[in-house]
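Results of the structural survey
Okay, here's what each chain looks like letter by letter:
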Amino acid sequence: MTAAPEKLRILVASHGHPAIAKGGAEIAAWRLFEELRAKADCEAWFLGCEGDVADPHARITQPFSEREYVYAAQGFDWFRFANPDPLFPEAFTDLLHRLRPDVIHFHHYGRFGVEVFHIARRALPGVRIILTLHEYLAICNHFGQMVTRPHFHLCHAASPIACNRCFPDIERERFFLRRLYLQRYFAEVDHFIAPSAFLRDRYVAWGLDAARITVMENAVAPARTDLPPVTRQDKLFRAGFFGNISALKGIAVLLEAARLLRAAKVTGIVIEIHGEYRLQPPEFQAAFLERLAKAGSNVLHAGPYDETSVDALMRRVDVVVVPSIWWENSPVVLQEAQRNGRMVVCSDIGGMAEKVRDGIDGYHFSAGDPQALASLLQRLAGAGDDAPIVTPETSEGATNITVAEHWRLYRLRAMR
Amino acid sequence: MGVSGRGYIDFYGHASDVDHYILGGWASEDLSEMVCAGLLTLLFEDGELTGSASGAIYPRPALGGLGTGIVICVTADRPMRGRLQAVMLGAGVDRISITPSKDGAAVDEEALAEMLAPILPHVSRALPRFLMERLNPDLMMIRGAIDLLGTADGIRVICGWAPLGQLCERQVEATWSASGTTTTDPATVMLYERDGLVAPSVGVVLMIPATAGAQAQHPRDATGSVRFQLDGETVVLSPTPSVQIVDGERLRDALRPLLPRLERGHAHDRLTRLAAPRSYRGGNTLGSLSDVVRLEIDEAIACPPNGLVLLGWLLANPSTVESLWLHSGPFVTKLQPEQRISVARGGGVEEIGRELGLFDPRCGFIAFIPEGYERDASSYLEIRTQRGEVAYRDLPAPRLSGRRAIEALLDGCDFQYADLEPAFDNVLGPAIRRLNQDRLARPQATVTIQFGTPHPAPRCSVIVPLYRRLDYMDFQVGLLAADPPGRDVELIYVLDDPPLRRDAENLAALLHARFDVPITLICLAENLGFAPASNIGLRTARGTFVCLLNSDVFPQGPAWLDRLCDRLDTNQSLGIVGPMLLYEDGSVQHRGMSFRKLPQFGHWFFGDHPGKGLKPEPGGGLAPCLSITGACMVLRRDLAIEMGGFDEGYIIGDFEDSDLCLRVQDLGLSCAVDLDERLLHLERKSQASSALRWRMNLTIYNAWFHQRRWQTVLTGLMSPGTT
């Protein structure tokens, strides 16, 4: 009788749960969990969170499947990512003692609090703790976007002085303490994953050890294979925007570019906007709807979409436009465009510029410049020699590569 | 104008301290008015002196109508030499002269003063003030009378009257002179309109606070007098022959009638405090204390037979109040410090504290006096201060009892850690215990309504208290009735929520009609709580077994109850058995209870549900445990009766289940969860929200009650190494 090969035990943890609320980090964590769960040599569990549950049955419960746990968070300090719940340490420790994972992979540390790394280390001294960094949250208090308040200028580095300028009500000292606090707990993480080199560099500049960060994409769903080929009746050039409709996603740049095209009497270009605007502040919603009403027939707001329909919608457009006016990191929309073979037009900054190679996977335009975007779309619609249509390689195995990279990292026994 | 009068100077001299020549004599009537003002020249042998003159006339009856006495003052910065020859009055043609009489003589200053002495009282108002003040200050005083004199709380009070012609309040330095000694102290003087006086006389009240000097010179006789300066005037008050000299209570009695006549203000407040009666005569006399003490009683709650709970607040400097005493009928009871616990008190009291300069966010209190209250007797609080002063505070009549009283008691407190144990041991615990006993001692009126014909000899009686939510009953009866019809089960619902009686009757009728199962509905006349409601059901039950069940527990299939009864039938050492209970999402709500000590709550034992919220672990059979939940427990009826059901000392619903399990284990029987039986439990949703503070504190009360009974047993059971 031979002993079965020992399975690697992995707990994937995220600040949300896709069955409760869908956000980038929790979807990435969930995708990863699904991939790991499918592996024969892996025992995987998922720990999600739900915020401010009134009167929960217990702190950590199993409302879903046997392999899923949900922590009912009770209040949270989103400034320094500290968890004030006195019952969390014991509940989390009990769970770790029950599951005995070899690796805990955190996507995000919201709701758990950065102290979670220490609690994990105390509960299981030998456990390997991995953290995928989402956005620039530890660096920047402005939702981790690294754009200034209130005017959304690009920010290149955080400092107590600079951050205090964005948040005049928060003293410089508190920004110093915030960083001190976060770095004290980040020190207990064995290895970090940065979805883009750009993000890695920002975190290294902020103070993380470069040797402890690896650039690795988030796992995304594979492209749907059940879709019929797209047949187009018209000769229109369709540029599609996919994502939450917000100021930082550059929606104003896109609408202004549409207005410039119409003013220049350019026909034959249609801009489709796919996404939800009702998650934004009321003033933004009002401004968006007003602009939309004034936009001409070359703009179409198609409403929200979800991950089951995105592939079909993308295949109907000629180009995916990503006009974000913040750095981005590794926006899912780029991976979605790639797996559907769509060319991308994006701002020439940060993670977007890194992931989309100018002239290979698509084209860059000067971030925040509607005229540049309008000209670029016009040239692409004309498909002249100066801007030929390019088709990015669709790598069917992107997810497999990502999972394999993760797996390699999980198996490294000596991470530090 | 012709002037023909005559005048003579009897004496004259230079008063160097006032730089005046002063001349005394007499003049005929027509001259006399001229001496009082104008230029005047004194002719001396060696020269003359001219200066402005002032003078006064006074009656000299000895002259027999020839004239009046005169006193003339002439400014002169130095004495002249030689004899006075004449005094020239007036100017020009009216110039007349007065000559010294033949006995008229120059006198030295001492003699001058002697000669002036008998005259000055008659001319005091006519001569310049500064002169009079120098010549005889006594004559310039405003004189008044003292008709009431005494001391209370170390404050000397002097009442009388004086011709002061105004109404005001002033701080002064008052000098008391008696028997050759004088003391001077700061004092408050109040002038008021006093009946029976003619203007300019007004009533005078002087308060001289206690000082060493004032104490030593207690004015016990009527020979002294008090003097003070008021707006530049010297005022002297002297006792009348009939002056009333009283102290303490009699002084207060004498002062109180004055109070309405005095202007309101700070001094009035002080006098009011001073005058407040010191023996209890109803009302609040805290204002009479020298120190600031505010004591308000929000609620007095009788805890029969002779206990009293006081909810209120007390604002005073920490060292001010020496003790509090409850007077009630024959009882006089000192409130021991540990019987008064501090609690946070909002409702604007903080604001009052700030105004008084007393910052105490926990100025609220809950006090419990176990023995010392007689319900229908006159009751009040006595407050003694460190100074030795005493004040009284009346008490509101008790109005709360039973559940409302317990709520009021628990709503205001938030004890944890070090505060918790003394609060419950000394105040909350014993008080609530009494209130609960009193509540349950009342006759419990019930109405029993039978729907359908009950089974003649049920194997098991299911007893379900109903509270707040009736809608669960619809689901529960439906699921219970899914068992084959005709089964030997008796269904007893106990409605512990009187306002819902009509709804419950209608619903029971509907469910009986729908499922044709007999239902016994017992309606309570007041809300008693889980333990009493279950016990009332138990007394009605006829089954061999009873199943004590919550209204939000639902079976998932048939025959579960029979199988649980079988467990008891086949296992004689098993006292109580229950099923595993699951939440709606299939995770564990209950698979047996253990205990854990909660540090914030006195390290007392609280029920702990291992595996709660997680998926059930594999495995079945009977799992022995220290306790099982009262949400669903099955036991022999005779055992339940022998145990007296749930202990009703647990109020509303907590801990009575583990108490029953521990008592059953005391008999040598065991408790277990049957892991093969799984029912749904929508735990606590049928209970009042735990967000209510009094409800949370009631759980702590129940924990305290449980702890005091079981701490030794549980400490033994829970210590490592014991099984």
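Parameters at a glance
Residues numbered from 1 in each chain as written. Chains lettered and ligands numbered in written order. Predicted model: local features only at pLDDT ≥ 70, side-chain atom pairs only at ≥ 80, totals over all residues. Heavy atoms only, no water. Helix = DSSP H or I, 4+ residues; strand = E, 2+ residues; numbered from the N terminus. Rg over C-alpha atoms; globule rule 2.2 N^0.38 Å. Buried < 20%, exposed > 50% of the residue type's maximum accessible area, 1.4 Å probe, protein only. Contact = heavy atoms within 4.5 Å. Buried area = accessible area lost by both parts, 1.4 Å probe. Salt bridge = Lys/Arg side-chain N within 4 Å of Asp/Glu carboxyl O. Core = buried A, V, L, I, M, F, W, Y, C linked by side-chain atoms within 4.5 Å. Domains from an automatic or database assignment. Pairing = 2+ DSSP bridges. Axes fitted to C-alpha atoms, helices over the stretch in contact; angles between N-to-C directions. Phe/Tyr/Trp six-rings, centres within 6.5 Å; stacked < 30°, edge-to-face > 60°. Lys NZ or Arg CZ within 6 Å of the ring centre and 35° of its normal. Polar contact = N/O pair within 3.5 Å; in protein donor to acceptor, adjacent residues only side chain to side chain. Expected span 1.5 Å × (residues − 1). Arc of directions from axis to C-beta. Parallel < 35°, antiparallel > 145°, perpendicular 65-115°, else oblique. Nonpolar A, V, L, I, M, F, W, Y, C, P; charged D, E, K, R; others polar.

When helices and strands are counted, chain A shows 13 helices and 14 strands. Relative to its length of 416 residues, chain A is compact, with a C-alpha radius of gyration of 22 Å against a globular reference of 22 Å. The principal-axis extents of the C-alpha atoms in chain A amount to approximately 70 × 60 × 40 Å. A burial count over chain A gives 55% of its 416 residues as buried.

On the chain A side, the residues contacting the twelve residues of chain B number 13 residues. A combined buried area of about 1,000 Å² lies between chain B and chain A, and 45% of that area is made up of carbon and sulfur atoms. Our enumeration of links across chain B and chain A arrives at two salt bridges. Between Arg 98 of chain A and Glu 617 of chain B there is a salt bridge whose closest N-O contact spans 3.0 Å.

A few words now on the nonpolar core. With 105 residues, the main nonpolar core has Leu 47, Phe 106, Phe 117, Phe 186, Tyr 203 and Leu 377 of chain A as its most contacted residues. Residue contributions to this core peak at eight residues, all from helix α7 (residues 251–263) of chain A. Mapped onto the domain boundaries, this core takes at least three residues apiece from domain 1 (8–221 + 399–411) and domain 2 (237–382) of chain A. With 43 residues, the next largest nonpolar core counts Phe 424, Tyr 650, Ile 700 and Ala 703 of chain B among its residues.

Moving on, we come to the environment of Leu 669 of chain B. Residue and element names in this part refer to chain B. Structurally, Leu 669 can be placed in the loop between α16 (656–666) and β35 (670–681). With relative accessibility at 22%, the residue Leu 669 sits in the partly exposed group. Between the alpha carbons of Leu 669 and Leu 574 there is a distance of 5.5 Å; along the sequence they are 95 residues apart. Those residues in contact with Leu 669 that sit more than four places away from it in its chain are Gln 572, Ser 573, Gly 575, Leu 639 and Val 664.

Residue and element names in this part refer to chain B. Ordered in space as β18-β17-β21-β22, the four strands form an open sheet in which the pairing is antiparallel. Here the strands that pair on one side only, and so sit at the sheet edges, are β18 (331–334) and β22 (390–394). Going across the sheet, the axis of each strand differs from the next one's by a mean of 25°, ignoring polarity. Sheet analysis places strand β17 (residues 321–328) next to strand β21 (residues 379–385), joined by seven bridges and oriented antiparallel. What sits directly across from Leu 324, in β21, is Ile 383.

Residue and element names in this part refer to chain B. Where strand β31 (residues 594–598) and strand β32 (residues 604–608) come together, five bridges link them in antiparallel fashion. Pairing of Lys 597 across the sheet is with Phe 605, part of β32. Taking the residues that link successive antiparallel strands as the turn, the β31-β32 hairpin has five residues, and the phi of Gly 602 there is positive, at about 65°.

Moving on to the pairing of strand β6 (residues 128–132) of chain A. Residue and element names in this part refer to chain A. With five of five residues buried, β6 lies mostly within the body of the structure. Where burial is concerned, the two faces of β6 agree: the one with Arg 128, Ile 130 and Thr 132 and the one with Ile 129 and Leu 131 are both buried. In the sheet, strand β5 (residues 103–107) pairs with β6 via five bridges, with the strands oriented parallel. Residue pairing in the sheet places Ile 104 in a bridge with Ile 129 of β6.

In this section: the sheet that holds β6 of chain A. Hydrogen bonds between backbone atoms are what pair the strands of a sheet, whose relative direction is either parallel or antiparallel. All names here are of chain A. On the basis of which strands lie adjacent, the open sheet formed by eight strands has the order β3-β4-β2-β1-β5-β6-β7-β8 and mixed pairing. Of all strands in the sheet, those bounded by a partner on one side alone are β3 (60–61) and β8 (213–215). In terms of strand pairing, β3 meets strand β4 (residues 68–73) through two bridges, oriented antiparallel. Within the sheet, the bridge partner assigned to Ile 60 lies in β4 and is Tyr 71. Contacts from helix α13 (residues 398–411) reach β1 (8–14), β2 (42–51), β5, β6 and β7 (191–194), with the element oriented near 115° to β1.

A word on the pattern of salt bridges. Two side chains that carry opposite charge are able to pair once their charged atoms sit near each other. All chains considered together, the criterion is met by 57 salt bridges over all chains. One salt bridge connects Arg 184 of chain A with Glu 188 of chain A, and the closest N-O pair in it is separated by 2.7 Å. Taking relative accessible area as the criterion, Arg 184 of chain A reaches 39% and is therefore assigned partly exposed. Residue class for Glu 188 of chain A comes out buried when judged on its relative accessible area of 13%. With its nearest N and O atoms 2.8 Å apart, the salt bridge here joins Glu 276 of chain A to Arg 278 of chain A. One salt-bridge network, held together by shared partners, links Arg 459, Asp 562, Asp 566, Asp 569 and Arg 636 of chain B.

For the rest of this paragraph, the subject is the packing of aromatic side chains. Enumeration over the complete set of coordinates arrives at 44 aromatic pairs over all chains. The ring of Phe 79 of chain A is capped by Arg 178 of chain A, whose NZ or CZ atom sits 5.5 Å from the centre of that ring.

Now for the side chain of His 681 of chain B. All names here are of chain B. Of note, His 681 is situated in strand β35. Side-chain polar atoms of His 681 contact the side chain of Gln 589, separated by 2.8 Å. In this structure His 681 touches Asn 550, Asp 552, Val 553, Leu 581, Leu 582, Tyr 583, Gln 589 and Ala 631, once residues within four positions along its chain are discounted.

What follows covers the domain arrangement of chain A. Residue and element names in this part refer to chain A. Domain boundaries in chain A define domain 1 (8–221 + 399–411) and domain 2 (237–382). Once you take the C-alpha centre of each, domain 1 and domain 2 turn out to be 29 Å apart. In this complex, domain 1 contributes 22 residues to the contact, which on the side of domain 2 involves 17 residues. Between domain 1 and domain 2, roughly 1,600 Å² of surface is buried when both sides are summed, and carbon and sulfur atoms account for 61% of that area. Seen at the junction of domain 1 and domain 2, the total is one salt bridge.

With that settled, the discussion passes to helix α8 (residues 282–294) of chain A. Side chains that are three or four residues apart share a direction in an α-helix, a result of its 3.6 residues per turn. Residue and element names in this part refer to chain A. Spanning 13 residues, α8 covers 18 Å between terminal C-alpha atoms, matching the ideal 18 Å at 1.5 Å per step. Buried residues of α8: Phe 284, Gln 285, Phe 288 and Leu 292, and no others. What you see down the axis of α8 is that its buried residues fit within an arc of 100°, all on one side. Turned more than 90 degrees away from the buried face of α8 sit Pro 282, Glu 283, Ala 293 and Lys 294, all of them exposed.

Residues and elements named next belong to chain B. Between helix α10 (residues 420–441) and helix α17 (residues 693–718), whose axes approach to 10 Å, the crossing angle comes to 95°. Classified by the angle between their axes, α10 and α17 sit roughly perpendicular to one another. Contact residues: Leu 420, Glu 421, Phe 424, Asp 425, Leu 428, Gly 429, Pro 430, Ile 432 and Arg 433 in α10; Asn 697, Ile 700, Tyr 701, Trp 704, Phe 705 and Arg 708 in α17. Considered class by class, the residues forming the contact of α10 with α17 number nine nonpolar, two polar and four charged.

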